[in-house]
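Take a look at the letters that make up each chain.
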Amino acid sequence: MVIKTETKTKCDVKDCKNNANFFVPSKARNGKFFLCKSCHDQIVEQAMKSRTPKSPKNAIKKAIDNKEVGNGTID
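Okay, so let's go over this structure. (Residues numbered from 1 in each chain as written. Predicted model: local features only at pLDDT ≥ 70, side-chain atom pairs only at ≥ 80, totals over all residues. Heavy atoms only, no water.)

1. Points about the side chain of His40
Then comes step 1: Checked against the element boundaries, His40 lands in helix 1 (residues 37-50).
Then comes step 2: Owing to a relative accessible area of 17%, His40 belongs among the buried residues under this scheme.
Then comes step 3: Polar contacts involving the side chain of His40 include one to the side chain of Asp41, which spans 3.4 Å.
Then comes step 4: When near neighbours in sequence (up to four residues on either side) are disregarded, His40 contacts Val2, Phe22 and Leu35. (Helix = DSSP H or I, 4+ residues; strand = E, 2+ residues; numbered from the N terminus. Buried < 20%, exposed > 50% of the residue type's maximum accessible area, 1.4 Å probe, protein only. Polar contact = N/O pair within 3.5 Å; in protein donor to acceptor, adjacent residues only side chain to side chain. Contact = heavy atoms within 4.5 Å.)

This is the structure in structure tokens:
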């Protein structure tokens, strides 16, 4: 969960000198991990590249499956 911060702090990412706009609660010593807007956007972009979306089920196949399950005729 990423939360917008109101406090004036620096970004916790290595070699980043920007002010933080967001924080992520953590169980570390400080309890929060601060992120600036650009680091947040880069993390989201990299996460979206590595995530493979699942294809939606075909509407006709889904209707047939629901009809078979409803009639009790499961192959």
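Structure shown, so let's carry the discussion forward.
2. Quick notes on the sheet that holds strand 3 (residues 32-35)
Then comes step 1: Spatial ordering of the open sheet is given by 1-2-3, a layout of three strands whose pairing is antiparallel. At either margin of the open sheet sits one strand with a lone partner, and together these are strand 1 (3-4) and strand 3.
Then comes step 2: Strand direction decides the pairing type here: strand 2 (residues 22-25) and strand 3, joined by four bridges, are antiparallel. Bridge assignment links Phe23 to a residue of strand 3, and that residue is Phe34.
Then comes step 3: Of the strands in this sheet, strand 2 and strand 3 are in contact with helix 1, which crosses strand 3 at around 100°. (Pairing = 2+ DSSP bridges. Axes fitted to C-alpha atoms, helices over the stretch in contact; angles between N-to-C directions.)

3. A look at the packing of aromatic side chains
The relation between two aromatic rings is expressed through the spacing of the ring centres and the mutual angle of the planes.
Then comes step 1: Summed over the entire model, instances satisfying the criterion amount to one aromatic pair.
Then comes step 2: With a centroid separation of 6.0 Å and an interplanar angle of 50°, the aromatic rings of Phe23 and Phe34 are classed as tilted. A residue pair is termed long-range when its members are at least 10 positions apart, and Phe23 in strand 2 and Phe34 in strand 3 qualify at 11 residues. Comparing Phe23 with Phe34, the two get one shared label, buried.
Then comes step 3: One Lys or Arg, Lys32, reaches over the ring of Phe23 and ends 4.5 Å from the middle of that ring. (Phe/Tyr/Trp six-rings, centres within 6.5 Å; stacked < 30°, edge-to-face > 60°. Lys NZ or Arg CZ within 6 Å of the ring centre and 35° of its normal.)

4. Quick notes on the nonpolar core
Then comes step 1: Judged by nonpolar contacts, Cys11, Cys16, Leu35, Cys36 and Cys39 together constitute the single largest core of five residues.
Then comes step 2: Not counting residues up to four positions away in its chain, the partners in contact with Cys16 are Cys11, Cys36 and Cys39. (Core = buried A, V, L, I, M, F, W, Y, C linked by side-chain atoms within 4.5 Å.)

5. Considerations on unusual backbone geometry
Glycine aside, the phi torsion of most residues is negative, and most peptide linkages are trans.
Then comes step 1: Residue Asp15 is not a glycine yet carries a positive backbone phi of 65°.
Then comes step 2: Its location among the elements puts Asp15 in the loop between strand 1 and strand 2.
Then comes step 3: The exposure class of Asp15 is exposed, given its relative accessible area of 71%.

Interpretation note: all reported values are geometric properties and have no functional meaning in isolation.
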